[in-house]
Amino acid sequence: MNTQPVATAPRHSLRSRRWLLWGALLLLVGLLLGVLVFLAAEYEEGRDQATLEHDAAQVASDIRSELFRNVQTLQSLHSVAPTDGSWAAPAAELLGTHREMVRLEWRSNSLALRAHRDTPYLANLTDYLNREQALPDVRQACDNAKRLSGPAFSPSYFWPVSGGQGLELMEMCLPVVRSGVANGFLIVTYSLPGLLSELTNKTLLRGRGLSFIEPDGTRLALHSTVNNNRSTLQANTLLDLPGHTFMLRMESPRQAVGLFPNVLSAVVTALSLALLAVLALLGRDMRRRQRAELDVANALAFRKAMENSLVTGLRARGMDGRVTYVNPAFCQMVGYSAEQLIGTGLPAPWWPPELIDEYQQRQAVRLAGQTLPREGYESMFQRSDGTRFPVLIIEAPLIDAQGVQTGYMSAIIDLTEQRRVEDINRASQDRLQATARLATVGEMASLLSHELNQPLAAIASYATGTLNLLGDNTQALPHEDLQLAMRRISEQAERAGRVIKSVADFVRRREQVREAVAPQSLIDAISPLLGLQAKKQRIRVHIDIPPVIPLVLCDRTMIEQVLLNLARNGMQAMPDGDPPAPERVLTLSVSQPRLQSGVSMGGQAQKSWVEFKVIDRGHGLSADVQAKLFTPFFTTKTEGMGLGLSLCRTVIEQHGGALTFEPHPPRGTVFRFTLPVA
Ligand code: ADP
């Protein structure tokens with residue numbers, strides 16, 4: 001499956017989209033924080049500005065009310081009819097307590113000066129400039145006062161004093177009425193700086209600047225300034241007095257100039273920084289996560305590739321028997337898709353219907369037993385199309401991360417192919433055996449013809465004798481002779497028939513069954529054939545079987561062939577004259593070896609065995625021959641095929657036994673093999 005390139009493209013776009021989202025998020029958070037900090041600063045500044053404006057209005061109203069209180073105090077100067085002389089003392093006292101007033105004048109209705117008094121706090125007020133210079137302002141104020149029938153103020157004007165200095169002054173004119181008749185004016189000259197310093201609440205002014213200004217912003221009188229005029233808050237307010245309106249400016253330094261203008265902004269900034277830090281941490285976490293995701297994706301791809309490449313079927317089941325996972329190989333085996341299989345319980349869809357009961361029981365036993373055999377067990381499955389196939393199942397418990405068993409994982413191997421190969425092997429083995437048998441018979445053809453010749457010759461001569469008897473008409477027929485001749489003929493024919501039958505039996509018989517066979521019958525079966533060769537080579541065959549010997553479990557045809565092969569090999573090792581006549585013996589012996597305790601054969605100590613031995617007195621085996629003895633097609637004989645011993649060993653091993661050989665002193669070799677007791 002070629003999923004790799006398809007998977008990387010979306011992963012790329014996913015990653016770039018993720019980065020885009022993070023970029024957008026960072027930008028938005030940055031913007032939001034900027035706006036927040038800005039708004040917080042604005043809010044703080046707006047609040048400060050409002051406070052300042054409120055305070056400025058408060059100061060203006062303080063000055064105004066103080067000025068009107070002064071008006072009442074001034075009216076008390078004229079509550080009793082003063083004379084020019086009696087006016088001076090209370091006027092001086094008044095000037096002493098009110099520093100904002102720099103001069104008091106009592107003028108007539110025509111504004112002629114009747115009495116006056118200067119403040120004791122400011123020497124030589126009129127030294128530099130004549131008082132008459134201020135008369136226009138006085139007149140303007142008094143005109144207004146007359147019109148308003150109350151106090152009125154003049155605009156301010158600059159009044160130079162000695163030393164190049166000067167101060168801003170203004171006039172207030174208060175009409176004096178005596179018994180309903182206008183009795184001149186009381187003129188008060190106020191100093192604007194004096195108003196600011198004397199008539200204001202000092203606590204409101206702490207750290208702030210306060211001044212009178214002109215509409216264009218020019219300062220008229222200054223009470224105080226703030227240190228840093230580069231970043232100050234300003235509030236202008238009107239001091240509305242009858243006759244004239246002044247403008248008052250209050251200044252306040254912007255609080256905490258710089259990065260943190262105030263606590264709120266500082267808090268917002270700190271929170272923003274914290275947020276940024278959290279974002280950075282989140283970003284790092286995301287990067288780690290991405291890396292982990294990538295690792296997991298790689299591991300998954302690796303696992304997927306591994307699963308897809310497996311030819312072994314994998315299947316996981318929960319504890320309730322439901323399928324939780326199948327790999328592609330398993331799906332292919334049983335012919336269902338993963339979607340069809342996952343979630344299915346018992347009986348499984350791949351169980352042959354007639355075996356469901358057996359499988360259910362087997363499943364229950366296995367689950368109850370807890371232990372799962374490591375070597376697995378064989379079973380039969382059914383594909384979706386109904387065909388059957390053998391499988392080998394190896395199961396292991398599925399343990400989760402907490403160490404709890406959650407089910408079973410099974411590896412399933414399809415044995416179809418293996419079985420087919422086994423069948424082919426078996427068939428070819430069988431064919432080989434049959435061929436070897438035929439070859440054996442072929443090799444023995446000359447012996448057979450010799451053996452058959454004798455009865456045939458005997459039959460022929462008996463027949464000729466009989467004919468002669470029948471042809472001689474002169475004598476009476478000797479009844480007994482004829483009978484004897486006929487009996488001999490039939491005996492010899494039987495003998496020939498037996499020879500042919502023994503060969504035919506040997507070649508034809510082919511049942512593939514293991515059966516319990518008496519060792520004696522095995523030897524009996526081959527002895528006619530054996531006798532042919534033995535007779536030709538003048539070898540005595542000695543058979544040694546104890547009276548009581550158990551039956552062996554074997555395929556008799558095959559074992560007969562093994563015995564025949566070994567016996568023929570033994571006889572062939574004793575060519576004519578070697579060894580001399582008395583020693584020309586071939587022994588076939590059968591025995592049951594007694595197992596020593598602790599010694600086991602093939603790991604099965606309980607099993608008992610029967611041992612067959614074929615002993616010859618031949619030339620023995622050289623080291624070179626011993627090394628190649630069981631190699632197929634190894635032979636030292638001109639007419640040999642070299643298959644006999646290798647086939648013998650295969651047959652014996654198929655029966656669970658073993659074929660060995662050893663020298664048999666003083667001369668000859670012994671071949672021995674074992675067969676299981678039935
Ligand atoms: P073949 O009999 O067709 O040669 P075998 O596999 O039966 O094939 O025997 C292989 C060889 O082993 C024989 O050619 C012979 O040299 C040697 N051999 C077998 N049995 C004996 C024996 N009893 N004594 C000496 N040599 C033997």
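Residues numbered from 1 in each chain as written. Predicted model: local features only at pLDDT ≥ 70, side-chain atom pairs only at ≥ 80, totals over all residues. Heavy atoms only, no water.

When you go through the chain residue by residue, the secondary structure sums to 16 helices and 22 strands. Whereas a compact globule of 678 residues would reach a radius of gyration of roughly 26 Å, the chain reaches 69 Å, over 25% beyond that. Overall, the C-alpha framework of the chain stretches about 225 × 55 × 45 Å when taken along its three principal axes. Counting across all 678 residues of the chain, residues that qualify as buried make up 38%. Taking the contacts inside the chain whose residues are at least 6 apart along the sequence as the reference set, 61% of them involve residues at least 24 apart. Of the roughly 37300 Å² of accessible surface on the chain, 57% is carried by carbon and sulfur atoms. (Helix = DSSP H or I, 4+ residues; strand = E, 2+ residues; numbered from the N terminus. Rg over C-alpha atoms; globule rule 2.2 N^0.38 Å. Buried < 20%, exposed > 50% of the residue type's maximum accessible area, 1.4 Å probe, protein only. Contact = heavy atoms within 4.5 Å. Areas by Shrake-Rupley, 256 points an atom, 1.4 Å probe, with all protein chains shown as cover.)

For the rest of this paragraph, the subject is the nonpolar core. Core analysis: the biggest nonpolar cluster contains 45 residues, and Leu522, Ile559, Leu563, Leu566, Phe612, Phe673 and Leu675 have the highest contact counts within it. Among the elements that take part in this core, helix α14 (residues 556-572) stands out by supplying eight residues, more than any other. Ignoring anything within four residues of it in the chain, the contact list for Ile559 reads Leu522, Cys554, Val651, Ile652, His655, Phe673 and Leu675. (Core = buried A, V, L, I, M, F, W, Y, C linked by side-chain atoms within 4.5 Å.)

As for its position among the elements, Arg538 is in the loop between α13 (519-537) and β17 (540-544). Judged by its relative accessible area of 63%, Arg538 falls in the exposed class.

For helix α3 (residues 135-148), which comprises 14 residues, the first-to-last C-alpha distance of 19 Å matches the rise-based estimate of 20 Å (1.5 Å per residue) to within 8%. Taken together, the buried positions of α3 are Leu135, Asp137, Val138, Ala141, Cys142, Asn144 and Ala145. Looking at the buried positions of α3, the neighbouring elements they touch are β1 (101-107), β3 (152-153), β4 (157-161), β5 (165-178) and β6 (181-191). Phi for Ser149, located one or two positions after α3, is positive at around 55°. (Expected span 1.5 Å × (residues − 1).)

Throughout the structure, instances matching the rule amount to ten aromatic pairs. A ring pair is formed by Phe630 and Phe661, whose centres lie 6.1 Å apart and whose planes are at 50°; its orientation type is tilted. Taken together, the positions of Phe630 in the loop between α15 (623-628) and α16 (644-654) and Phe661 in strand β21 (residues 659-663) put the pair 31 residues apart, joining distant regions of the chain. According to the relative accessible area criterion, Phe630 is buried, its value standing at 15%. An aromatic cluster is defined as three or more aromatic residues linked by ring pairs; in this entry it consists of Phe330, Trp350, Phe381 and Phe389. The aromatic ring of Tyr121 is capped on one face by Arg99, whose charged end is 4.2 Å from the ring centroid. Here the basic side chain of Arg114 rests over the ring of Trp106, its NZ or CZ set 4.0 Å away from the ring centre. (Phe/Tyr/Trp six-rings, centres within 6.5 Å; stacked < 30°, edge-to-face > 60°. Lys NZ or Arg CZ within 6 Å of the ring centre and 35° of its normal.)

This part is about a nonpolar patch on the surface. A contiguous nonpolar surface patch, about 260 Å² in accessible area, is contributed by Leu26, Leu273 and Leu276. Tracing the sequence through the fold places Leu273 in helix α6 (residues 263-309). (Patch = residues over 30% accessible without salt bridge, like charges linked within 9 Å, V, L, I, M, F, W, Y side chains within 5 Å. Salt bridge = Lys/Arg side-chain N within 4 Å of Asp/Glu carboxyl O.)

So, about the pairing of β5. Regular strands have side chains that alternate between both faces of the sheet. Bridge analysis of β3 against β5 gives two bridges, and the strand direction is antiparallel. Note that in β5 the partner of Ala152 across the bridge is Cys173. Pairing of β4 with β5 involves five bridges; the strand directions are antiparallel. Paired with Trp159 across the strands is Leu167, a residue of β5. Linking two consecutive strands that pair antiparallel, namely β4 and β5, is a turn of three residues; a positive phi of about 85° is found at Gly163 within it. From the end of β5 to the start of β6, which pair antiparallel, there are two residues, and Ser179 there has a positive phi angle of about 50°. (Pairing = 2+ DSSP bridges.)

Counted at 1.5 Å a residue, the expected span for α14 with its 17 residues is 24 Å, and the 24 Å between its end C-alpha atoms agrees. Counting buried positions over the 17 residues of α14 gives 15, a clear majority of the element.

On the basis of which strands lie adjacent, the open sheet formed by five strands has the order β12-β11-β15-β14-β13 and antiparallel pairing. Sheet topology places β12 (323-326) and β13 (377-382) at the edges, where each strand pairs with a single neighbour. In this sheet, adjacent strand axes meet at a mean angle of 35° when their direction is disregarded. Sheet analysis places strand β11 (residues 313-318) next to strand β15 (residues 405-414), joined by six bridges and oriented antiparallel. Across the sheet, residue Gly313 finds its bridge partner in β15, namely Ile412. (Axes fitted to C-alpha atoms, helices over the stretch in contact; angles between N-to-C directions.)

Here the focus is the state of the cysteines. All chains considered together, the criterion is met by one disulfide. Put simply, Cys142 and Cys173 are joined by a disulfide, and their sulfur atoms are 2.0 Å apart. Judged by the sign of its S-S torsion, about 95°, the cystine formed by Cys142 and Cys173 is right-handed. Taken together, the residues Cys142 in helix α3 and Cys173 in strand β5 connect sequence positions 31 residues apart. Here Cys142 matches Cys173 in class, with each residue buried. With no disulfide of its own, Cys554 has Cys648 as its nearest cysteine by sulfur position, at a separation of 14 Å. (Disulfide = S-S within 2.5 Å.)

Don't take any of this as a statement about function, it's just geometry.
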